[in-house]
Amino acid sequence: MKNKIALITGITGQDGSYLAELLLKKKYKVHGLIRKSSSFNTKRIDHLYIDPHNRTNFFLHYGDLTDSNSIYNLIHNIKPNEIYNLGAQSHVGVSFENPEYTAEVSGIGTLRVLEAMRFLKMKNVKFYQASTSELFGEKYNEKSFNEQSKFHPKSPYGVAKLYSYWITSVYREAYGLFACNGILFNHESPRRGETFVTRKITRFLTRRKLGSNEILYLGNLNAKRDWGHAKDYVEMQWRILQQKKSEDYVIATGATHTVREFIVAAGKLLNLKIYWSGKGLKERGYIHEDNRKKVIIKVDKKYFRPNEVDYLRGNPIKAQKKLNFKPKYSFLSLVKEMINEDLFLAQEELNKKR
Ligand code: NAP
Ligand code: G4F
């Protein structure tokens, strides 16, 4: 049997790195699109890289989702069986500062991939689009969101992703492409970017545990998110493309927690009991240390978004039934893994300083 060939855009990101590992285990030949950067951006996948002069199933290619020719040529040359479009400007807060760039990458970037598939008449190639729970954004008397829920994006990122969602659906209907949207709710891991709230918290608390005196500045502590583990979710990205019919799926845990609850859970694992005082911008998180009350968390309006998605909770029933979605991680085991790995990192940093 010939190895299947996969192309992953966004291979250097959190999901791209886990997906590459999964596909290599399944004996795929994995090709990844990477951006040229003046400093190394391959930290998450360095362990997979083997010099292509030796035997390997893992290949990296320079390209960019804003560059149609690089995408066309790459797809033409490698002739993938499956394309996972994970590349994006994926930070919601940043999308308010760079809305046009976000639209180019996270919106039109998807069209560029689909157009390459259409021009190359690649009807047998399967396409996965990394859609998001940021498509929802407004709770219309619903406790949780499913594949039929109404979309109401609240950020330039959400709008760019809404374009990608619909263009994927249109190319499926119009040209018969096997094109699917995975509408994934927040998923985290020790590989999560450090400016996303969960990792910002676990990096801070583990450093604090080892003696740092920094203060953590955060935005909206009341926002609720449905947090799962990226490893569980990339497996669903693969399964979505293994179905007979191309369809869209919500992937979520079905539970939701506030940012404050995430902090408390992470603190508990480090034996840091966190107390709260004040409200709104005056809210503070503190601990008792050396018989003194020490403020370790403050709210800074800089981290509030001009428009916020207050509540996200997904309904994964379709994925449970059709994809046999059974996440291995719970909320607590996710937080625990992040804390353990970041504790190790904080210790390494400390050793280097000494
Ligand atoms: P991530 O860690 O931010 O990774 C994004 C990837 O996109 C990186 O490899 C990045 O490259 C690449 N990228 C950025 N701009 C690009 C461009 N112009 N051309 C080509 N590649 C570009 O995101 P993630 O958490 O792994 O998420 C993967 C995908 O799922 C994203 O599309 C995201 O929007 C979507 N999503 C994520 C979640 C979540 O909770 N994680 C939930 C729903 C949907 P560099 O490494 O060079 O920056
Ligand atoms: O961790 P976040 O930045 O993730 P957000 O905005 O939910 O977006 C992530 O999940 C989406 C799926 O729903 C993906 F599509 C997207 O690509 C990305 O991966 O923020 C989570 C919540 C927000 O409500 C935010 O306002 O935490 C709140 N928050 C409070 N303080 C903060 C902070 N977020 C960040 N990044 N930094 C803070 O200091």
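Predicted model only: the values in this text are computed from it and were never measured.

Q: Any chance you could explain the environment of Y217 here in plain terms?
A: Secondary-structure assignment places Y217 in strand β8 (residues 216-218). What makes Y217 partly exposed here is its relative accessible area of 36%. Each C-alpha atom, one on Y217 and one on A179, is 41 Å from the other, the two residues being 38 residues apart in sequence.

Q: It is not clear to me how the site of ligand 2 should be interpreted in this structure. Could you clarify?
A: Around ligand 2, a shell composed of 24 residues is seen, among which T132, S133, Y157, R305 and E308 lie nearest. Measuring from an oxygen atom of ligand 2, one finds a side-chain N or O atom of R225 at 2.8 Å. Considering ligand 2 on its own, with 710 Å² of exposed area, one finds that the protein chains cover 96% of that surface. Breaking the shell around ligand 2 down by element, the ones donating at least two residues are α6 (197-209) and β8. Across the shell around ligand 2, the residue classes break down as 10 nonpolar, 8 polar and 6 charged.

Q: Explain the nonpolar core to me, please; I cannot follow it from the model alone.
A: Counting 33 residues, the largest nonpolar core has I8, L23, Y84 and I251 as its most contacted members. Those elements giving two or more residues to this core turn out to be β1 (5-9), α1 (14-25), β2 (29-34), β5 (126-132), β6 (178-184), α7 (230-241) and β11 (249-251). The leading source of residues in this core is α7, at 7 residues. When sequence neighbours within four positions are dropped, the list of residues in contact with Y84 reads A6, L7, I8, T9, L19, L23, Y128, Q237, W238, L241 and Q242. Formed by 25 residues, the second largest nonpolar core is a distinct cluster that contains I201, F262, L334 and M338.

What counts, and where the lines are drawn
- Residues numbered from 1 in each chain as written.
- Chains lettered and ligands numbered in written order.
- Predicted model: local features only at pLDDT ≥ 70, side-chain atom pairs only at ≥ 80, totals over all residues.
- Heavy atoms only, no water.
- Helix = DSSP H or I, 4+ residues; strand = E, 2+ residues; numbered from the N terminus.
- Buried < 20%, exposed > 50% of the residue type's maximum accessible area, 1.4 Å probe, protein only.
- Near = heavy atom within 4 Å.
- Polar contact = N/O pair within 3.5 Å; in protein donor to acceptor, adjacent residues only side chain to side chain.
- Areas by Shrake-Rupley, 256 points an atom, 1.4 Å probe, with all protein chains shown as cover.
- Nonpolar A, V, L, I, M, F, W, Y, C, P; charged D, E, K, R; others polar.
- Core = buried A, V, L, I, M, F, W, Y, C linked by side-chain atoms within 4.5 Å.
- Contact = heavy atoms within 4.5 Å.

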